[in-house]
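The primary structure of each chain is shown beneath.
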Amino acid sequence: MATTQKTASPKKSQGFTGVRGAFWIIIVCAAIAFPLFFIWFGNDMHFQDGDSANSPIDVWGTIFKGGIIVPVIHSLLLTVIAMSIERWLAMKTAFGKGALPKFVSNIKAALNANDFAKAQQLCDAQKGSVANVVGASLRAYREMENTTGLKKSQKIAKIQQAHEEATQLEMPTLTMNLPIIATIVTLGTLTGLLGTVIGMIRSFSALSAGGGADSAALSEGISEALINTAFGIGTSWCAVVSYNYFTNKVDKLTFALDEVGYSIAQTYEANHTEEA
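My aim in this report is to walk through the structure given alongside it, one point at a time. (Residues numbered from 1 in each chain as written. Predicted model: local features only at pLDDT ≥ 70, side-chain atom pairs only at ≥ 80, totals over all residues. Heavy atoms only, no water.)

Each helix and strand counted, the protein chain has nine helices and zero strands in total. Mapped in sequence order, the helices and strands of the protein chain form the string α-α-α-α-α-α-α-α-α. For the protein chain, the residues scored as buried account for 41% of the 276 residues in total. Long-range pairs, those at least 24 residues apart, make up 78% of the contacts in the protein chain with a sequence separation of at least 6. As presented, the protein chain carries roughly 14500 Å² of accessible surface, and 63% of it is formed by carbon and sulfur atoms. (Helix = DSSP H or I, 4+ residues; strand = E, 2+ residues; numbered from the N terminus. Buried < 20%, exposed > 50% of the residue type's maximum accessible area, 1.4 Å probe, protein only. Contact = heavy atoms within 4.5 Å. Areas by Shrake-Rupley, 256 points an atom, 1.4 Å probe, with all protein chains shown as cover.)

The contact between helix α1 (residues 22-41) and helix α3 (residues 69-95) brings their axes to 8 Å, and the two run at 135 degrees. Considering their axes alone, α1 and α3 lie oblique with respect to each other. The way α1 lies across α3 gives a crossing that is right-handed. Counting all contacts with α1, which are made through Ala-22, Ile-25, Ile-26, Cys-29, Ala-30, Ile-32, Ala-33, Phe-34, Phe-37 and Phe-41, the residues of α3 involved are Val-70, Pro-71, Val-72, His-74, Ser-75, Leu-78, Thr-79, Ala-82 and Met-83. Taken together, the residues of the contact of α1 with α3 break down into 16 nonpolar, three polar and no charged. (Axes fitted to C-alpha atoms, helices over the stretch in contact; angles between N-to-C directions. Parallel < 35°, antiparallel > 145°, perpendicular 65-115°, else oblique. Left-handed = near helix turned anticlockwise from the far one by under 90°. Nonpolar A, V, L, I, M, F, W, Y, C, P; charged D, E, K, R; others polar.)

Before going further, it helps to examine the nonpolar core. Judged by nonpolar contacts, the single largest core of 47 residues is most densely connected at Phe-103, Ile-107, Val-130, Val-134, Leu-138 and Ile-264. For this core, the secondary structure elements donating two or more residues are α1, α3, α4 (100-112), α5 (116-126), α6 (128-145), α7 (152-175), α8 (178-209) and α9 (215-271). Per-element accounting of this core gives the leading share, ten residues, to α9. Apart from residues no more than four positions distant in its own chain, Ile-107 is found in contact with Ala-119, Leu-122, Cys-123, Val-134 and Val-260. Counting residues in each nonpolar core, the second largest holds seven residues, with Phe-37, Phe-41, Phe-47 and Phe-64 among its members. (Core = buried A, V, L, I, M, F, W, Y, C linked by side-chain atoms within 4.5 Å.)

Dropping the structure here:
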């Protein structure tokens, strides 16, 4: 009669694994951006004759002339920065304490030497997502060695299943909040474009009125358009860099997981024969 054992549940990453309530990060960033816009950028000391209705005398006043779309874009920019810091901390936990390529190399060397005790020690020292997945695969490996009544191919499949389950447990931690950054890539540009259109509408309204008295209104509309364009492009630029950087990090970690998982399955296949 076949002997089966319940595979131990894989451990989740310990330490900082990310902020799940990302909505509150956006709210906090908006709560910073809007007061900053009205209290600092709109302060009378940044304008001629101490009146925000007049022309600005420095860059802060010029930013204020960008209009109400500016703090919206600033909220998106602060969100990108906050999310990038959050993802960096989460990735640092996921990658573990040591260099990932060295850890993978050491694990493969321990597997080739059939030294599973050393492999487990390396996982305990490394920590992080890769170490958790490798540890789950090693536990499944040992359990299959003590299991009878299954074909070798079935045991290898069990080891691979344990590896995949542990990987699926870790993946949400790795990709969490990246869709928000990806959304801001487009949203930043579109919001900047909205501010640009509003500024150009004011400019053409001033042109249609005619006369030199409206030259200030024309200038203000053009300034608003250019400021929103600049901040919109800058926000999208930061979001693109952040998203691609962390996506590349996730790809590297996923590749390391696949590499070690394949090595563990191949080691079992090479070191065991079919039961008589």
